[in-house]
Amino acid sequence: MPSSLSSPRVRTVLDAIAAEQQRVDAVEQPELLDIVRRRTTPWTPRELVDACASGYYAAPAAIGRMLYTCVRAMRPRVVFEFGTSYGFTAIHIAAALRDNGAGKLYTVDLHEGKCAAAREHLKSAEVDEYAEVITGEAADVLSSFPLVAKSTEPVDLLYLDGWADFYLDVVRAAEPWLRTGALVHADDTEKFAAGARPYLEYVRDPQGDYVSVGITDGQGLELSTYTGPARTGRPERTAA
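The model shown is predicted, which means the values in this text are computed figures rather than measured ones.

A.B. asks: Give me the lowdown on the pattern of salt bridges, citing residues and values where you can.
C.D. replies: Taken as a whole and judged by the stated rule, the model has six salt bridges. A salt bridge links Glu153 to Arg77, with the nearest nitrogen and oxygen atoms 3.2 Å apart. Taken together, the residues Glu153 in the loop between helix 7 (145-149) and strand 4 (155-160) and Arg77 in the loop between helix 3 (61-74) and strand 1 (78-82) connect sequence positions 76 residues apart. Residue Glu153 is classed as partly exposed on the basis of its relative accessible area, which comes to 29%. Measuring nitrogen to oxygen at the nearest pair gives 2.7 Å for the salt bridge that ties Arg179 to Asp156. One end of the pair, Arg179, is in strand 5 (residues 178-187); the other, Asp156, is in strand 4, and 23 residues separate them in sequence.

A.B. asks: Kindly report on the pairing of strand 6 (residues 210-215), identifying the contributing residues and their values.
C.D. replies: Looking at chain direction, strand 6 and strand 7 (residues 221-226) are connected through six bridges and run antiparallel. By the bridge assignment for strand 7, Val213 is matched with Leu223. Hairpin connection from strand 6 to strand 7: five residues lie between these consecutive antiparallel strands, with Gly218 at a positive phi of about 100°.

A.B. asks: Which residues make up the environment of Asp209, and what values go with them?
C.D. replies: Looking at the secondary structure, you find Asp209 in the loop between helix 9 (193-203) and strand 6. Assessed through its relative accessible area of 28%, Asp209 is described here as partly exposed. Counting along the chain gives 20 residues from Asp209 to Pro229, while the straight-line C-alpha distance between them is 8.5 Å.

A.B. asks: Pulling in residues and values, what's your account of the pairing of strand 7?
C.D. replies: Taking burial as the measure, the six residues of strand 7 include five buried ones, the bulk of the element. As paired strands, strand 5 and strand 7 are joined by five bridges and run antiparallel to one another. Along strand 7, the bridge assignment pairs Ala186 with Glu222.

A.B. asks: Provide a residue-level description of helix 5 (residues 112-124), including the pertinent values.
C.D. replies: Relative to the 18 Å expected for 13 residues at 1.5 Å per residue, helix 5 spans 19 Å between its end C-alpha atoms, a close match to the ideal helical length. A positive phi of about 60° marks Glu126, the residue just after helix 5.

A.B. asks: Give a description of the sheet that holds strand 2 (residues 104-109) that names residues and reports values.
C.D. replies: On the basis of which strands lie adjacent, the open sheet formed by seven strands has the order 3-2-1-4-5-7-6 and mixed pairing. The strands lining the two open edges of the sheet, one partner per strand, are strand 3 (131-135) and strand 6. On average, adjacent strands in this sheet sit at an angle of 15° to one another, irrespective of strand direction. Alignment of strand 2 against strand 3, held across five bridges, turns out to be parallel. Across the sheet, the residue bridging to Asp109 is Thr135, located in strand 3.

What counts and how
Residues numbered from 1 in each chain as written. Predicted model: local features only at pLDDT ≥ 70, side-chain atom pairs only at ≥ 80, totals over all residues. Heavy atoms only, no water. Salt bridge = Lys/Arg side-chain N within 4 Å of Asp/Glu carboxyl O. Helix = DSSP H or I, 4+ residues; strand = E, 2+ residues; numbered from the N terminus. Buried < 20%, exposed > 50% of the residue type's maximum accessible area, 1.4 Å probe, protein only. Pairing = 2+ DSSP bridges. Expected span 1.5 Å × (residues − 1). Axes fitted to C-alpha atoms, helices over the stretch in contact; angles between N-to-C directions.

This is the structure:
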C-alpha cells in the first residue's frame, strides 16, 4: 500500500511549504544567522519568536522522511514536537501515524500565526486527526502534559526542532512523561552549536539517563534513547 506521503493532498501541501521556504529563507536565514553570531546575551523565548517570525526554517525534506520512517517503525502512541513552524515535519509525523492506524502528535510553537497556518496545512493534508497544534512554550506545556493530552500515556518520541538554546529545558520538562526507551531526536545541533552545547553535554553524559549519538548532516542531529526510569507512577509499557 502506498504511503500517505504519496497522496496528492499531502504531496501538494508539503511541496507548497518547501517552495515557500526556499523562497523566503534564502533571504531570511543568512540574516538570522548573522543576528545569532552577534548576540552576546541569552535569548528569551519571545525574542526568538520575534527574530524568526518572518522565516520558515523547516527541516530539510530528508529529515521529514526520516521522521516518517521512524514513526512507522516505532509505532508510537504519543509524539511530542518542539517547534511547529508551518507544519512541514508535523505533516510527515501525522502521515506516519495515519498509516500506522493509531497515535497522536502534540506539536508546540510560540508563534500564533505559524500555529494557525500549521493547523490549516494539517487539515489540507487530511492528517489533522492525528495531530494537535498547541500555542505556547514547550517546557510549560510539558509541565502539565497529562492534562493537555487528557491521557497518562507516556511520550514515545520527542522531536526537538525549535531553538537549540531551549533543548535542555524541554527535555528536562519531558522526562517525567518519557517512556523508558523513548527516542529523542534533536535537530540543528551543529547549525546552532553554541546554543545546543548544554543539551549535548547533558544527553552525552556517561553517568546520565541517555545513550546518545551525533550525526553530521550539514546541520547536525542528535539521536538519544532515554534509559531512565518512569517518574510519574503511571504504568510503564514497551513500544508496540
